[in-house]
Amino acid sequence: MKPLYAQSQLRAMEQAHAHDGLMEKAGAAAARLASSLLLTVSGARILVLAGPGNNGGDALVAARYLRQQGYQVDVVFTGTYASLPPDARAAYEAWLADGGEIASGLPQGREWQLIVDGLFGIGLTRELDALHRDLVQQVNAMGVPVLSLDIPTGICMHTGRVLGAAVCAAHTLTFLGLKPGLYTQDGPDHAGQVYLDNLGLNAAPPAAGFLVDVPPALPARRRLNSHKGSHGSVGVIGGAEHMVGAVLLAGRAALRAGAGRVYCGLLAGSAPALDQGQAELMLRDAASVPQFATVMVAGPGMGQSDTAVSLLHSLLELSQLLILDADALNLLAAHPELQAILHQRKPGTLAITPHPGEAATLLHITTAEVQADRVASALRMAREFGAIVVLKGCGSVVALPDGRWFINHSGNPGMASAGMGDTLCGIIAALAAQEMSLEEAVLLAVYLHGAAADSLVAKGVGPVGMTASEVASEARALLNQWRYR
Ligand SMILES: NC(=O)C1=CN([C@@H]2O[C@H](COP(=O)(O)OP(=O)(O)OC[C@H]3O[C@@H](n4cnc5c(N)ncnc54)[C@H](OP(=O)(O)O)[C@@H]3O)[C@@H](O)[C@H]2O)[C@@H](O)CC1
Ligand SMILES: [K+]
């Protein structure tokens, strides 16, 4: 896992090293990366966009090094010399002293092989003004690869939100530390490939959060002398009329992620007695399932009937590890008496896995407000519901009641399809049933779920048309590969 930093922490790092020539190092690193990206284009022409702050300073330093390497470099500067911060002003002067020229608007009739985006970095505090919005839109329309410095201009470093308009970069070279906004919401669509240069600062402060970009803790290796009871029992409750498949998907995923036994409790009157595609699943009366299971999932296709409410009520009062999704979350939002029970539960025994719409219902705000700051929304839910939270979406956020948070780095848009959430719940439950803590199970499941989808895309199964069942099977393959090979 890699540390993710807040703006205040990055500022503190900058200040602690104010005399270490960080901007010069940042610009030099940018020039190195730019020239490596341009290797095959001799005598290339590069457009460098320099904004009014230190991000612009980085760009001006990069421009100078690139020009010295023989590239033709056009600089467009959108600030005013008199208002530049000191390091950026020095970079501006050095660029001119080196024979470079400065334009205030895009030169016409030129073609560039690369654009370096140094308009705004972590100092962007509000929506882009009209001048910068126009410039960003023109840059995006050119179809030329863009290397963004620190963060694509227009992306909020904390939230990944587009502030008015944002540069769509092919590459982002980020400095000192990773920013959450690169990895969630609209950040990943704009950042392209992300590279980190710590500018020689090896001692980093404690992180604000973490990027989950490698498999987190795995379940213990299985003892040779084990049996199905050694690997836990998962129960899944839901499946009201016409929604039976949701429970079966969760149950099948739990089997594939290694649960010793899986019980499914279906609410539908017309529910089958057997899953014809997965005879290993034990289909039981919903109310009886908790007595068989060490870990429970409730919610997939559960509906909002009185029976569903009373089942959920009794489940919340039991001591098993519990994962709530879908309708269980809607029920929770609609019934304050259910929420009251949550805080009587032992800490670390409840996980909720809302998508942004469900999160909005839980928090009584709009989906747009949830998405405006996904980390803050997830943390708020964790606090208010005393639960481990997975806020699903691009860059799923895992938040814990004690304030820790994580952004998941695996996954792709092929996962935006029916049944993926059911599969995720099943995987979480199965991992927790195999003696991982619920926190560990959630982190691994979220990463594994996305990694399985990525693996399928690499094999040509997706992103278009990838199914939740395929993801569950691929998750099984990866889990075995990570643990046993
Ligand atoms: N300092 C260091 O040691 C190092 C810094 N580094 C680099 O510096 C970057 C941070 O620099 P930064 O703090 O100067 O912020 P930056 O992103 O350039 O923009 C700030 C300027 O934009 C303005 N502004 C803001 N929003 C606006 C808007 N919507 N529309 C228009 N204007 C707007 C704002 O003005 P104000 O808000 O005061 O009106 C201010 O003038 C960082 O990302 C990294 O690249 C690295 O070199 C490492 C060493
Ligand atoms: K930038």
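Criteria and cut-off values
- Residues numbered from 1 in each chain as written.
- Chains lettered and ligands numbered in written order.
- Predicted model: local features only at pLDDT ≥ 70, side-chain atom pairs only at ≥ 80, totals over all residues.
- Near = placed C-beta within 6 Å.
- Helix = DSSP H or I, 4+ residues; strand = E, 2+ residues; numbered from the N terminus.
- Nonpolar A, V, L, I, M, F, W, Y, C, P; charged D, E, K, R; others polar.
- Pairing = 2+ DSSP bridges.
- Axes fitted to C-alpha atoms, helices over the stretch in contact; angles between N-to-C directions.
- Parallel < 35°, antiparallel > 145°, perpendicular 65-115°, else oblique.
- Contact = placed C-beta atoms within 7 Å.
- Expected span 1.5 Å × (residues − 1).
- Buried ≥ 20, exposed ≤ 12 C-beta atoms within 10 Å, placed from the backbone.
- Core = buried A, V, L, I, M, F, W, Y, C linked by C-beta atoms within 7 Å.
- Domains from an automatic or database assignment.

Chemist: I'd like a rundown of the site of ligand 1, residues and numbers included.
Modeler: Around ligand 1, a shell composed of 26 residues is seen, among which G53, N54, N55, G121 and G123 lie nearest. If you list the elements that add at least two residues to the shell around ligand 1, you get α2 (22-37) and α3 (54-68). If one sorts the elements of the shell around ligand 1 by residue count, α3 sits on top with 4 residues. Considering only residue class, the shell around ligand 1 consists of 11 nonpolar, 9 polar and 6 charged.

Chemist: Summarise the sheet that holds strand β7 (residues 171-175); cite the residues concerned and give the values.
Modeler: The sheet built from 7 strands is open, its strands ordered β4-β3-β2-β5-β6-β7-β8 with parallel pairing. In this open sheet, the two edge strands, each paired with only one partner strand, are β4 (102-103) and β8 (193-197). Across 3 bridges, the pairing between strand β6 (residues 146-149) and β7 is parallel. In the strand pairing of β7, S148 is matched with T172.

Chemist: So what's going on with the packing of helix α15 (residues 438-458) against helix α16 (residues 468-484)? Which residues, and what values?
Modeler: As a packed pair, α15 and α16 sit with axes 8 Å apart at the nearest point and diverge in direction by 100°. Judged on the interaxial angle alone, α16 and α15 are roughly perpendicular. Between α15, through L448, H449, A451, A452, A453, S455 and L456, and α16, the contact on the second element is made entirely by E470, V471, E474, A475, L478 and L479. Residue classes in the contact of α15 with α16 are distributed as 9 nonpolar, 2 polar and 2 charged.

Chemist: Break down helix α13 (residues 374-385) for me, citing the residues and quoting the values.
Modeler: Over its 12 residues, α13 extends 16 Å from the first C-alpha to the last, a length consistent with the 16 Å expected when each residue adds 1.5 Å. Among all positions in α13, only R374, V375, S377, A378, L379, M381, A382 and F385 are buried. Directly beyond the C-terminal end of α13, a positive phi value near 60° is found at G386.

Chemist: I'd like to hear about the nonpolar core, residue by residue, with values.
Modeler: If you look at the biggest cluster of nonpolar residues, it comprises 169 residues, and the most contacted ones within it are V116, I428 and A429. Here this core spans two domains, and each of domain 1 (2-207) and domain 2 (228-484) adds at least three residues to it.

Chemist: Hey, could you go over the domain arrangement of the protein chain for me, with residue numbers and the actual values?
Modeler: Taken domain by domain, the protein chain comprises domain 1 (2-207) and domain 2 (228-484). Of note, the centres of domain 1 and domain 2, computed from C-alpha atoms alone, are 40 Å apart. Across the side of domain 1 that touches domain 2, the residue classes break down as 4 nonpolar, 6 polar and 1 charged.

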